Amino acid sequence: MLFNSVDFAVFLPVVFFIYWFLLNRNLQYQNLFLTAASYFFYGYWDWRFLSLILISSLADFTIGLLLKKQFNFRVRKGLLFASVAINLGILGFFKYYNFFLDNFVQAFSLFGSEIRASSLQIILPVGISFYTFQTLSYTIDVYRGQLKPTKDFIAFSAFVSFFPQLVAGPIERAKNLLPQFYKKRHFDYAKAMDGSQQIIWGLFKKMVIADNCAVYANMIFENSDQYSSFSLLLGALFFTFQIYGDFSGYSDIAIGTARLFGFDLMKNFAYPYFSRDIAEFWRRWHISLSTWFRDYLYIPLGGSRGGKWMNIRNVFIIFIVSGFWHGANWTFIVWGALNAIYFLPLMLSNANRNHIEVVAKDKLFPSLREVLFMGITFALTVLAWIFFRAENLGHAFSYLGRLFSAGNSGLRFNIFMDNYQVLFLFTFIAIMLFMEWMHRDKEYGLQLETPSPAKVWAVNLSIFSLTLIFEGATADFIYFQF
Amino acid sequence: MKKYLLQIIGFLAAFLVLNFLTVLVFIKYDWNFNKRVKSITFNNPDYDCLVLGNSFALDGIDAELLSTGSCNSYNLAIGGASVRTNYIQLKEYVEQYEKKPEKVILALDSFRHDFKWDEIHPVVDFTMKGKTYGVRDLPFIKFKWLFRELIKKVISSRHRDAQLVKGQLRLEKKIPDATKTPEKPVPLAVENFKTSPWVQAIAQLCIDYDIQLIVLEMPSKAEQRNSTPVGPIPVVLDNGIPIEIHNFNSADFEFGLDPENDWIGNSHLNLYGAAKFTRTIKSRLKI
């Protein structure tokens, strides 16, 4: 079920009503109901893949309990390995089987050996990478002794399948989310109002920015060999805002929805396009995934403790794995590697933690130096997104080649096309950037701090109305495919 | 909880009020809406001739010029209307008003649209008799493009300065037609007329109310002209009703349209082109 669908507009109030009005006296019933609602939410797309969520839930719940009773180091390690093998095994089969098979066949063909292997028609279950990582975090935390295993299967199922963040995150840590299912939840007016506002902002970013940018980004990327340099640059910019609006919009809706039910999810985006260097960008983009890799991969690999070269190796590993997490395509791997290369000079000069605070803190405007750094970081990000969006590496390189050499030969993208539609879109992107700049020290771009309820109402009503009026053609969230 | 629910209800109520106000703004400032509301609230209209069609007819047929002489005319065409919408408009008109028109000009564009298209124009759908309203009829959802049109009026004098005269939208701006007629133009898409259930329904309605139906193909930019003569071309529709198509988009037929001065872009005539075209219709069809 899509957040920006009529189905969800019906589903959400119904679940909200039953949850707070009929089941508010019994925590167990609330958790059970949330699990059922989440399974319905997921099964609405394809009920067959509910079995995968159930398998992951059962496996990690059982392994958690076994870990509690087990003190033998080797057995404990074996249990952890079993959890990793089950979860990554399912993920690997559904997401990477064909990729490995194709590359294996191609690699052998380079040496003159021809292998006949038929790829399978595998449907990629929506959000599999997200809930797999979420449930893995539970077993790892239990294994490390950082979390007590739960005996409450209903609460655990609700944690794994919690519908607001099930299919596209934020990837919650068990330490943060699971305990929230144990505690009685009380309706909090301020939290619900704030959540509702965050949903409105998320819908605006998804339906107006992402869905409209998608039309032009697709048009240019799909015919990139016909467009002029400037048009290709616009195509890359459209995709840059599409992916941000799409993914951060989803996160805002997810966090806002969770707040309606009394839950606090972690922040997933912190205005990444205002970053002054790539390290800062990665502290602000898809935070739940970056920190997941930091906690469960980078630090276990030794982090920065083993000297500079070890650190460089580890950084490359997490960026490449992070790229591969996004999809079974070399484009994502190169995208990850490219970001690692961007990161390298900062790390070598120990400058990767130079920009921790929000840019131009307590000021309205950034300094010229900050503008320059933000511009450079943004440009590097735009270049990297070309790999992310391209169909394959050949496409990415030809896009880049034309971007820097085509000049004005080829089609010129006309911003006056479609009756001013593109001009409207630029205006909305400007509105989004303005709102986010003004609230860059807040949780989300529309988090207004004004004592005047009339102002809050006026802004919310305007953004909500603009969203419905100027929504683009409805499209799936990009990150569903990951 | 009560406070939250009151806020949500208040928000939704304000949203509905905003939607309602929007309809009022559209009725006043949007040509299609304005015209539609007028046409369903005429006070005993005595039109002899009605023009049906979409934006090509809306811009391209001058009902005031058509009315000189004895044929009082009104242009009912609506931008973006399907032939099904035209059928609904005509049916409502003949059922609602005592005086029936003597003639109906169905001005179509087979070079662009498929006449089987089933969509009812949102403005007509919204204002249809007996309409039951649902969530998707909220003006903010249903009339998205009208907002864009309104903004265009605010920022562009070309849109702002247009006038609605007897249902015709008069646009003065000139955008030259720089296209060329192909060496081998395609023939007129007669099948499009023949097989359309909505052209058939209009023809049947005209028979039922004893109205003369004049079907014509609107002129297009040069590159979309066809190889069929101007006619009239006799055609028997799939429901057995014979009609004649006046093919004003024939590549062989010239009536003095100036590619530099008579177009507003995308095969739409400006007020100068519309006047020339209307005179041609008047003389050829003896209206």
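A quick note: this is a predicted structure, and the numbers were derived from the prediction, not measured.

Engineer: How should I be thinking about the overall build of chain A in this particular structure?
Structural biologist: Per the secondary structure count, chain A includes 17 helices and zero strands. Taken over the C-alpha atoms alone, chain A extends approximately 70 × 70 × 45 Å along its principal axes. Burial statistics for chain A: of 482 residues in total, 43% are counted as buried. Within chain A, contacts between residues separated by at least 24 positions form 74% of all contacts whose residues are at least 6 apart in sequence.

Engineer: Looking at this model, I keep getting lost on the overall build of chain B. Mind explaining?
Structural biologist: Tallying secondary structure elements over chain B gives 12 helices and 10 strands in all. What you see for chain B is a C-alpha radius of gyration of 20 Å, in line with the 19 Å of a compact globule of 287 residues. In terms of principal-axis extent, the alpha carbons of chain B reach across some 75 × 45 × 35 Å. Counting across all 287 residues of chain B, residues that qualify as buried make up 39%. Once local pairs closer than 6 in sequence are excluded, the contacts in chain B between residues at least 24 apart make up 76%.

Engineer: What's the story with the interface of chain A and chain B in this structure? I'm lost.
Structural biologist: Note: interface size is frequently given as the accessible area lost on complex formation between the parts. Tallying the contact residues gives 14 residues for chain A and 15 residues for chain B. Of all the secondary structure elements, the ones that give two or more residues to the side of chain A that touches chain B are helix 1 (6-22), helix 8 (189-222), helix 16 (417-438) and helix 17 (453-469) of chain A. Take the side of chain A that touches chain B: its biggest share by element is five residues, from helix 17 of chain A.

Engineer: How should I be thinking about the pairing of strand 3 (residues 103-108) of chain B in this particular structure?
Structural biologist: One face of the sheet, then the other: side chains in a regular strand alternate in exactly this way. Residues and elements named next belong to chain B. Across the six residues that make up strand 3, a large majority, five, are buried. In the sheet, strand 1 (residues 49-53) pairs with strand 3 via five bridges, with the strands oriented parallel. Looking across to strand 3, one finds that Val 51 is bridged to Ile 105. Sheet analysis places strand 3 next to strand 6 (residues 212-217), joined by six bridges and oriented parallel.

Engineer: How do you make sense of the nonpolar core when you look at a structure like this?
Structural biologist: Soluble globular proteins: nonpolar side chains tend toward being buried together. Residues and elements named next belong to chain A. Ranked by size, the top nonpolar core spans 119 residues in total, and within it Phe 159, Ile 200, Ile 209, Cys 213, Ala 217 and Phe 428 carry the most contacts. Mapped onto the domain boundaries, this core takes at least three residues apiece from domain 1 (6-186) and domain 2 (190-276 + 355-481). Apart from the residues within four sequence positions on either side, Ile 209 is in contact with Phe 241, Gly 245, Phe 428, Ile 429 and Met 432.

Engineer: Quick question: what am I supposed to make of the confidence of the model for chain B here?
Structural biologist: Reading fine detail from the predicted coordinates is not recommended where pLDDT is low. Here chain B shows a mean pLDDT of 89. Residues at 70 or above account for 100%. Across the assembled chains, the prediction reports ipTM 0.79 with pTM 0.83.

Engineer: For this particular structure, what's the right way to read the environment of Phe 159 of chain A?
Structural biologist: Residue and element names in this part refer to chain A. With respect to the element layout, Phe 159 can be found in helix 6 (residues 153-161). Residues Phe 159 and Asn 98, spaced 61 residues apart in sequence, show a C-alpha to C-alpha distance of 30 Å. Sequence-distant contacts of Phe 159, that is, excluding residues within four places in its chain, are made with Ala 174, Leu 177, Leu 178 and Phe 181.

Engineer: Explain the sheet that holds strand 1 of chain B to me, please; I cannot follow it from the model alone.
Structural biologist: Strand pairing in a sheet takes place through backbone hydrogen bonds and is either antiparallel or parallel in direction. Residues and elements named next belong to chain B. Pairing is mixed in the open sheet, where six strands are placed in the order 2-1-3-6-8-7. In this open sheet, the two strands that pair with only one neighbour each are strand 2 (73-75) and strand 7 (233-236). If you compare each strand with its neighbour and ignore which way they point, the axes differ by 25 degrees on average. Sheet contacts for helix 11 (residues 197-208): strand 3, strand 6 and strand 8 (242-247); angle to strand 6, the most-contacted strand, approximately 155 degrees.

Engineer: Whenever I open this one, the domain arrangement of chain A confuses me. Can you help?
Structural biologist: All names here are of chain A. Taken as a whole, chain A is organised into domain 1 (6-186) and domain 2 (190-276 + 355-481). Its C-alpha centre places domain 1 at a distance of 29 Å from the equivalent point of domain 2. Counting residues at the interface gives 17 residues for domain 1 and 16 residues for domain 2. Among the secondary structure elements, those contributing two or more residues to the side of domain 1 that touches domain 2 are helix 1 and helix 7 (174-182). The element contributing the most residues to the side of domain 1 that touches domain 2 is helix 1, with three residues. Here the residues of the side of domain 1 that touches domain 2 sort into nine nonpolar, six polar and two charged.

Engineer: Explain the pairing of strand 7 of chain B here, please?
Structural biologist: Residue and element names in this part refer to chain B. Pairing geometry for strand 7 and strand 8, over four bridges, is antiparallel. For Pro 234, the partnering residue across the bridge sits in strand 8 and is Glu 244. Hairpin connection from strand 7 to strand 8: five residues lie between these consecutive antiparallel strands, with Gly 240 at a positive phi of about 90 degrees.

Engineer: Just checking my understanding: could you explain the environment of Ala 270 of chain A for this structure?
Structural biologist: Residue and element names in this part refer to chain A. The topology assignment puts Ala 270 in the loop between helix 9 (229-260) and helix 10 (278-284). Each C-alpha atom, one on Ala 270 and one on Phe 204, is 17 Å from the other, the two residues being 66 residues apart in sequence. Beyond its immediate stretch of four places on either side in the chain, Ala 270 contacts Arg 284 and Ile 287.

Engineer: Hey, could you run me through the packing of helix 4 (residues 73-110) of chain A against helix 5 (residues 128-144) of chain A in this one?
Structural biologist: Two quantities define a packed helix pair, namely the angle between the helix axes and the distance between the axes. All names here are of chain A. Two elements in contact, helix 4 and helix 5, have axes separated by 10 Å at closest approach and are oriented at 175 degrees. Considered as vectors, helix 4 and helix 5 are oriented roughly antiparallel to each other. Along its contact with helix 4, which presents Arg 76, Leu 80, Ser 83, Val 84, Asn 87, Ile 90, Leu 91, Phe 94 and Lys 95, the element helix 5 presents Ile 128, Ser 129, Thr 132, Thr 135, Leu 136, Thr 139, Ile 140 and Tyr 143. The residue makeup of the contact of helix 4 with helix 5, split by class, is nine nonpolar, six polar and two charged.

Engineer: It is not clear to me how helix 12 (residues 271-285) of chain B should be interpreted in this structure. Could you clarify?
Structural biologist: Side chains that are three or four residues apart share a direction in an α-helix, a result of its 3.6 residues per turn. All names here are of chain B. With 15 residues, helix 12 should reach 21 Å at 1.5 Å per residue; the first-to-last C-alpha distance of 20 Å fits that figure. Along helix 12, the positions that sit buried rather than exposed are Leu 271, Gly 273, Ala 274, Phe 277, Thr 278 and Ile 281. Within helix 12, the buried residues cover an arc of 145 degrees as seen down the axis, which keeps them to one side. Where helix 12 is buried, its residues meet helix 3 (55-60), helix 4 (63-66), strand 5 (168-170), strand 9 (263-265) and strand 10 (268-269).

Engineer: Looking at this structure, I do not really get the packing of helix 9 of chain A against helix 15 (residues 393-405) of chain A. What am I missing?
Structural biologist: All names here are of chain A. Two elements in contact, helix 9 and helix 15, have axes whose closest approach is 7 Å; the angle formed by their N-to-C orientations is 130 degrees. When the axes of helix 9 and helix 15 are compared, the pair comes out oblique. The two elements helix 9 and helix 15 cross, and the hand of that crossing is left-handed. Contacts between helix 9 and helix 15 involve Ser 229, Leu 232 and Leu 233 from the former and Tyr 399, Arg 402 and Leu 403 from the latter. Within the contact of helix 9 with helix 15, the residues separate by chemical class into four nonpolar, one polar and one charged.

Engineer: For this particular structure, what's the right way to read unusual backbone geometry?
Structural biologist: Among all residues except glycine, the phi angle is most often negative; among peptide bonds, the trans geometry is most common. Cis geometry is found at the peptide bond from Gly 231 of chain B to Pro 232 of chain B, where omega equals 15 degrees. Here the phi dihedral of Asn 350 of chain A falls at roughly 50 degrees; this positive angle occurs in a residue that is not glycine. Within the fold, Asn 350 of chain A resides in the loop between helix 13 (330-348) and helix 14 (368-389). Of note, Ala 360 of chain A is a non-glycine position whose phi angle comes to about 50 degrees, a positive value.

Engineer: Quick question: what am I supposed to make of the environment of Leu 446 of chain A here?
Structural biologist: Residues and elements named next belong to chain A. For Leu 446, the location among the structural elements is in the loop between helix 16 and helix 17. Counting along the chain gives 13 residues from Leu 446 to Val 459, while the straight-line C-alpha distance between them is 8.6 Å. In contact with Leu 446, not counting residues within four places along its chain, are Gln 197, Ile 200, Trp 201, Met 435 and Ile 463.

Engineer: For this particular structure, what's the right way to read helix 11 (residues 287-298) of chain A?
Structural biologist: Residue and element names in this part refer to chain A. Between the first and last C-alpha of helix 11 there are merely 15 Å, a value that for 12 residues lags more than 12% behind the 16 Å anticipated at 1.5 Å per step. Among the residues of helix 11, those classed as buried are Ile 287, Ser 288, Leu 289, Ser 290, Trp 292 and Tyr 298. Structurally, helix 11 contributes buried residues whose contacts are with helix 5, helix 10 and helix 12 (308-326).

Criteria and cut-off values
- Residues numbered from 1 in each chain as written.
- Chains lettered and ligands numbered in written order.
- Predicted model: local features only at pLDDT ≥ 70, side-chain atom pairs only at ≥ 80, totals over all residues.
- Helix = DSSP H or I, 4+ residues; strand = E, 2+ residues; numbered from the N terminus.
- Buried ≥ 20, exposed ≤ 12 C-beta atoms within 10 Å, placed from the backbone.
- Contact = placed C-beta atoms within 7 Å.
- Rg over C-alpha atoms; globule rule 2.2 N^0.38 Å.
- Pairing = 2+ DSSP bridges.
- Core = buried A, V, L, I, M, F, W, Y, C linked by C-beta atoms within 7 Å.
- Domains from an automatic or database assignment.
- pLDDT = per-residue confidence, 0-100.
- Axes fitted to C-alpha atoms, helices over the stretch in contact; angles between N-to-C directions.
- Nonpolar A, V, L, I, M, F, W, Y, C, P; charged D, E, K, R; others polar.
- Parallel < 35°, antiparallel > 145°, perpendicular 65-115°, else oblique.
- Expected span 1.5 Å × (residues − 1).
- Arc of directions from axis to C-beta.
- Left-handed = near helix turned anticlockwise from the far one by under 90°.

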